[in-house]
Amino acid sequence: QVQLVESGGGLVQPGGSLRLSCVASGSISRINDMGWYRQAPGKQREWVATITSRENTNYADSVKGRFTISRDNAKNTMSLQMYNLKPEDTAVYYCNAEVVSYIDYSVLNGWGQGTQVTVSS
């Protein structure tokens, strides 16, 4: 079992910044890729950014240059620093991680419960 918990969402004005965090816990041997996804009202969930265990990063074009993903492998945490936020960034943001269980070395795909980000004046 793996649990992912996000925090840091809230209401921010256009042009503002927010930092989201995700903590993974459970029967974790190691964590492979970690990522952020988001889902706006009436839309499908979309990928935002990914960071590998070696800290290679990739971003959706819509957030490139404004968002920065990072992780702390020792603490099983991941962050998303968001700058210059726009109204179209409004969504529920979800943490995702591919976790290898120390129980049987199975690979688990975990999701957090989501944290709301609202960008509005």
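Residues numbered from 1 in each chain as written. Predicted model: local features only at pLDDT ≥ 70, side-chain atom pairs only at ≥ 80, totals over all residues. Heavy atoms only, no water.

This brings us to the sheet that holds strand S8 (residues 77-82). The antiparallel open sheet is built from 4 strands, whose spatial order is S1-S3-S8-S7. Looking at the sheet topology across the chains shown, the edges are occupied by strand S1 (2-7) and strand S7 (67-72). Ignoring strand direction, the axes of neighbouring strands in this sheet form an average angle of 15°. Here strand S3 (residues 18-26) runs beside S8; their pairing, made up of 6 bridges, is antiparallel. In the sheet register, Leu18 faces S8, and the bridge partner there is Met82. (Pairing = 2+ DSSP bridges. Helix = DSSP H or I, 4+ residues; strand = E, 2+ residues; numbered from the N terminus. Axes fitted to C-alpha atoms, helices over the stretch in contact; angles between N-to-C directions.)

In this section: the nonpolar core. Formed by 31 residues in total, the largest nonpolar core has its most connected members in Trp36, Leu80, Met82 and Tyr93. Broken down by secondary-structure element, the contributors of at least two residues to this core are S1, S3, strand S4 (28-39), strand S5 (46-51), S7, S8, strand S9 (91-101) and strand S11 (115-119). In terms of residues, this core owes the most to one element, S9, which gives 5 residues. Those residues in contact with Leu80 that lie beyond four places of it in its chain are Leu18, Arg19, Leu20, Trp36, Val48, Phe67, Thr68, Ile69 and Tyr93. (Core = buried A, V, L, I, M, F, W, Y, C linked by side-chain atoms within 4.5 Å. Buried < 20%, exposed > 50% of the residue type's maximum accessible area, 1.4 Å probe, protein only. Contact = heavy atoms within 4.5 Å.)

So, on to the pairing of S8. On a regular strand, one side chain projects to one face of the sheet and the next to the other, so that they alternate. Most of S8 sits inside the fold, with 5 of its 6 residues counted as buried. As paired strands, S7 and S8 are joined by 6 bridges and run antiparallel to one another. Within S8, the position partnered with Asp72 by the bridge is Thr77. Connecting S7 to the antiparallel partner S8 that follows it, the hairpin turn spans 4 residues, and Asn76 within it adopts a positive phi of roughly 55°.

Turning next to the packing of aromatic side chains. Any two aromatic rings considered together are summarised by their centre-to-centre distance and by the angle between their planes. Considering all chains together, one arrives at 1 aromatic pair under this definition. Between the NZ or CZ atom of Arg45 and the centre of the ring of Tyr94, over which it lies, the distance is 3.7 Å. Positioned above the aromatic ring of Trp111 is the side chain of Arg45, whose terminal nitrogen or guanidinium carbon lies 4.7 Å from the ring centre. (Phe/Tyr/Trp six-rings, centres within 6.5 Å; stacked < 30°, edge-to-face > 60°. Lys NZ or Arg CZ within 6 Å of the ring centre and 35° of its normal.)

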